[in-house]
Amino acid sequence: MNKSTSNKPAKRSTTVWLLLLASLLYFVLLALPNATGARDVDMLSIFEVDEYAQYEHVVRMVSGGESLVDSLRKFVAYEHYFYGYPFYFFSAVSILPLRWLLGADLHAHTATIVLVLRQLINVAPNLLSVWLLTYTATQFRSVFKTIVIFALLLLLPALMGNSLWWHADGLALLFMALGFFLLRLDGLRFQRYFWLAAAAAGVGLGIKYIGALFVLVIPLYLSLGVRQSRLSWRQAAARGLGFVAIMLAVFVLTNPLLLLPQRADLIANQRLQFEQTSQGIFASRPDFLEAGRLPGWLTANFGTAAFLALLAAALAAGWLQGGRQRAEAALLAAWLLPNLLVMLNASSMRVHYWLQIFMPAMMALVFILPDKLEFKFQPRPRALLQWAALLLIAVQAGLFAQESSRHYQQTLHREDTSPSLQFYRTVHPTLLANGEQHIYRDWKVYFPSDAQFSVFLDWELGSHDMLAEEQPDVLLLERENVEFYGAEDYLDTSPDPGRLEPMHRFYRDALQNQIPSYTLVYEDAFGLVFVRQQH
């Protein structure tokens, strides 16, 4: 046996153990910041309002009912139909052991519940996505390529951000990566892994529609099978229809409410999601470019303009190499194009939305990275270009590590530095002296309810109609909302002036200290306190 050949399994085994060690370290370290910012349910809203919106629903799912049928109904009818059932199913399953351990005291352990959800529904799927995409790119054949791509993916600041909360995007990324991985295992054989990829796309479709973005990948994959005489055109068409059928069947089976009366609410919520995605909720989508340059959030989270250009050049290099590399580059491009089209036309530029573009894009580096790092200097143009690319990758990895570390530290210490919590510590003692009160708060104003304070928020934010209906004794408003939504020119650039005019009028009156029957009694850099006048 050739010595170099016999060493390959040993090298691959060593690589796998290194990746496992890095993954374990990542998972454990993320538990530290993920244990913060969830002292109680109300605290969730000031750091991650999406977590606050989701939390009560997943806890209700596992809280049980008066009978087995009632318990099953609660577990299936999750009620927050902005995301698909698989997200809530996996979330509920992850905290079921806590329900059995803590029993009726489950609601008193918000921090523990949220820690488990963040770790198992975001951190773990993010890590698995990194593994699957790395294997898809390298098959772990080259130690150097594997470590570089794995490290870059793991260091992505946007992935760090997606690991520091509980949200549907962790699972969405996982089923996207699983689709790529299964197609790699299938290798144009169009057998069980192909059908499993269809099932993975169906689950992804049912979480956040990510499975639909294989819309160009599968036709191209089938055409490659025809070109290589693996299929006839008729067989390709049949398998394409089969893929769609399995994907849709899994989509329905993993979203069982589509077969039950609750489908009307589910469909209505999804329509609202599409409307808000296309036009915005409270603010219109900002211009993508900033003074003609790539936006700062993009370069900080996904790479400098030079690094992004390198990814594009790597994809082009894969195409130019021909053969198998050309096919792989084409499939990758078939994923990236519809994703870019969707993201560039979406109403929001939230960072985590772009992970499904840039994580797969990192796989393109496999086309330009050497199989192993050799320090022998060769003054040939190709060698010089390769060393320049490696230097750029090393610099970018350092920038990624620095930005991810900053995000990690910021989250780890967020309870100590939160202006909302500081505002609460200042305002709470004063309001205690005024007896029982009914209080309205903006989303990110921390002020939990207790025996003396009945506190509520409105998902449509403040309005005079809300004041007339609820008649709160105190208004706790976030200054950022007051200044942004109350600005005179707000409606001129808002996505829906007719719907948002009442909110604008309320915050405009707050900005001018002219809310009828309310007096401004305190303000600081974070918030304002209005108290209802006594007549």
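Above this text is the structure in question.
Criteria and thresholds
- Residues numbered from 1 in each chain as written.
- Predicted model: local features only at pLDDT ≥ 70, side-chain atom pairs only at ≥ 80, totals over all residues.
- Heavy atoms only, no water.
- Helix = DSSP H or I, 4+ residues; strand = E, 2+ residues; numbered from the N terminus.
- Rg over C-alpha atoms; globule rule 2.2 N^0.38 Å.
- Buried < 20%, exposed > 50% of the residue type's maximum accessible area, 1.4 Å probe, protein only.
- Contact = heavy atoms within 4.5 Å.
- Areas by Shrake-Rupley, 256 points an atom, 1.4 Å probe, with all protein chains shown as cover.
- Salt bridge = Lys/Arg side-chain N within 4 Å of Asp/Glu carboxyl O.
- Expected span 1.5 Å × (residues − 1).
- Bend = angle between axes of the 7 residues up to and from the residue.
- Polar contact = N/O pair within 3.5 Å; in protein donor to acceptor, adjacent residues only side chain to side chain.
- Patch = residues over 30% accessible without salt bridge, like charges linked within 9 Å, V, L, I, M, F, W, Y side chains within 5 Å.
- Lys, Arg positive; Asp, Glu negative; His and termini not counted.
- Core = buried A, V, L, I, M, F, W, Y, C linked by side-chain atoms within 4.5 Å.
- Axes fitted to C-alpha atoms, helices over the stretch in contact; angles between N-to-C directions.
- Parallel < 35°, antiparallel > 145°, perpendicular 65-115°, else oblique.
- Left-handed = near helix turned anticlockwise from the far one by under 90°.
- Phe/Tyr/Trp six-rings, centres within 6.5 Å; stacked < 30°, edge-to-face > 60°.
- Lys NZ or Arg CZ within 6 Å of the ring centre and 35° of its normal.
- Pairing = 2+ DSSP bridges.

Here's the deal with the overall build of the chain
Part 1 of the reasoning: A tally of helices and strands in the chain yields 24 helices and 5 strands.
Part 2 of the reasoning: Against the globule reference of 24 Å for 535 residues, the chain gives a C-alpha radius of gyration of 26 Å, in line with a compact fold.
Part 3 of the reasoning: When the backbone C-alpha atoms are referred to their principal axes, the chain occupies close to 95 × 60 × 45 Å.
Part 4 of the reasoning: Within the chain, the fraction of its 535 residues that count as buried is 50%.
Part 5 of the reasoning: Partitioning the contacts of the chain with sequence separation of at least 6, the portion at a separation of at least 24 is 72%.
Part 6 of the reasoning: Within the structure as shown, the chain displays about 25600 Å² of accessible surface, and the carbon and sulfur contribution to it stands at 61%.

Observations concerning the pattern of salt bridges
Part 1 of the reasoning: Following the criterion strictly, the structure yields 18 salt bridges and no others.
Part 2 of the reasoning: Asp 42 is the salt-bridge partner of Arg 441, the closest N and O atoms lying 3.4 Å from each other. Within this pair, whereas Arg 441 is found in strand β1 (residues 437-441), its partner Asp 42 is found in helix α2 (residues 41-47), the two being separated by 399 residues in sequence. Taken individually, Arg 441 and Asp 42 each receive the classification buried, so the pair is uniform in this respect.
Part 3 of the reasoning: Residue Arg 73 pairs with Asp 70 through a salt bridge whose shortest N-O separation is 2.8 Å. Of this pair, Arg 73 and Asp 70 both sit in helix α4 (residues 68-76), 3 residues apart, roughly one helical turn.

Examining helix α5 (residues 85-102)
Part 1 of the reasoning: Helix length check: α5, at 18 residues, gives a terminal C-alpha distance of 25 Å against a target of 26 Å (1.5 Å per residue), a fit within 8%.
Part 2 of the reasoning: Remark: the principal bend of α5, roughly 40 degrees, maps to Ile 95, with a proline, Pro 97, within the next four residues.
Part 3 of the reasoning: Buried within α5 are the following residues: Tyr 85, Pro 86, Phe 87, Tyr 88, Ser 91, Ala 92, Ser 94, Ile 95, Leu 96 and Leu 98.

Re the side chain of Thr 15
Part 1 of the reasoning: Mapped onto the fold, Thr 15 is located in helix α1 (residues 3-34).
Part 2 of the reasoning: Here Thr 15 falls in the buried class, since its relative accessible area comes to 2%.

Digging into the environment of Ser 494
Part 1 of the reasoning: Looking at where Ser 494 falls in the secondary structure, it is placed in the loop between α23 (490-493) and α24 (497-511).
Part 2 of the reasoning: Distance in space between the C-alpha atoms of Ser 494 and His 504 is 9.9 Å, their sequence separation being 10 residues.
Part 3 of the reasoning: Residue contacts for Ser 494: discarding those within four places in its chain leaves Ser 284 and Leu 500.
Part 4 of the reasoning: Within the structure, Ser 494 has its side chain in polar contact with the backbone oxygen of Leu 491 (distance 3.1 Å).

Let's talk about a nonpolar patch on the surface
Part 1 of the reasoning: Together, Leu 25, Leu 29 and Leu 32 line one region of the surface with nonpolar side chains, adding up to about 280 Å² of accessible area.
Part 2 of the reasoning: Relative to the assigned elements, Leu 25 resides in helix α1.

Concerning the side chain of Asp 186
Part 1 of the reasoning: By the secondary structure assignment, Asp 186 is in helix α9 (residues 169-186).
Part 2 of the reasoning: Here Asp 186 occupies a buried position and makes no salt bridge, while the nearest side chain of opposite charge, Arg 189, is found at 5.4 Å.
Part 3 of the reasoning: Only 2.4 Å separates the side chain of Asp 186 from the side chain of Tyr 221, close enough to count as a polar contact.

Things to note about the nonpolar core
Part 1 of the reasoning: Ranked by internal contacts, the top residues of the largest apolar core, which has 128 residues, are Phe 87, Leu 156, Phe 307, Trp 335, Trp 354, Met 359 and Leu 365.
Part 2 of the reasoning: Top element by residues in this core is helix α6 (residues 110-138). It accounts for 12 residues.
Part 3 of the reasoning: Here Phe 87 is in contact with Gln 54, Ile 121, Trp 166, His 167, Ala 168, Leu 171 and Ile 207, once residues within four sequence places are set aside.
Part 4 of the reasoning: Residues Tyr 440, Val 482, Leu 500 and Tyr 518 belong to the second largest nonpolar core, which totals 20 residues.

Describing the packing of helix α15 (residues 305-320) against helix α18 (residues 381-412)
Part 1 of the reasoning: Between α15 and α18, the least distance of the axes is 10 Å, while the angle of their chain directions is 130 degrees. With respect to α18, the axis of α15 lies oblique. Considering only the axes of α15 and α18, their crossing is left-handed. Across from Ala 306, Phe 307 and Leu 310 in α15, the residues of α18 making contact are Ala 389, Leu 392, Ile 393, Gln 396 and Phe 400.

Remarks on the packing of aromatic side chains
Part 1 of the reasoning: One pass over the full model with this rule turns up 41 aromatic pairs.
Part 2 of the reasoning: Between Phe 190 and Phe 194, the ring centres sit 5.4 Å apart and the planes meet at 65 degrees, which makes this aromatic pair edge-to-face.
Part 3 of the reasoning: A relative accessible area of 4% places Phe 190 in the buried class.
Part 4 of the reasoning: Owing to a relative accessible area of 0%, Phe 194 belongs among the buried residues under this scheme.
Part 5 of the reasoning: Through a chain of ring-to-ring contacts, three or more aromatic side chains come together here, namely Phe 75, Tyr 78, Tyr 81, Tyr 83, Tyr 85, Phe 87, Tyr 88, Phe 89, Phe 90, Trp 166 and Phe 175.
Part 6 of the reasoning: Across from the ring centre of Trp 319, 4.4 Å away, lies the NZ or CZ of Arg 326, which sits over that ring.
Part 7 of the reasoning: The positively charged end of Arg 441 is found above the aromatic ring belonging to Tyr 52, 5.6 Å away from the centroid.

Things to note about the pairing of strand β5 (residues 527-532)
Part 1 of the reasoning: Note: strand β3 (residues 474-478) against β5, 5 bridges, orientation antiparallel. If you follow Val 474 over to β5, its bridge partner there is Val 531.
Part 2 of the reasoning: The pairing of strand β4 (residues 518-523) with β5 spans 5 bridges and is classified as antiparallel. When the bridges of β5 are listed, Tyr 522 appears paired with Val 529.
Part 3 of the reasoning: In this structure, the hairpin formed by β4 and β5 is closed by a connection of 3 residues.

Some remarks on α18
Part 1 of the reasoning: Helix length check: α18, at 32 residues, gives a terminal C-alpha distance of 46 Å against a target of 46 Å (1.5 Å per residue), a fit within 8%.
Part 2 of the reasoning: Those residues of α18 that fall on the buried side of the exposure criterion are Ala 383, Ala 389, Leu 390, Ile 393, Gln 396, Ala 397, Phe 400, Ser 404, Tyr 408 and Thr 411.

A closer look at the sheet that holds β1
Part 1 of the reasoning: Taken together, 5 strands build an open sheet; the order of strands is β2-β1-β3-β5-β4 and the sheet is mixed. Of all the strands in the sheet, just β2 (453-456) and β4 have a single pairing partner and so form its edges. The mean inter-strand angle of the sheet, taken between neighbouring strand axes irrespective of direction, is 25 degrees.
Part 2 of the reasoning: On top of the sheet, α24 reaches β1, β3 and β5; it is set at about 95 degrees to β3, its chief contact.

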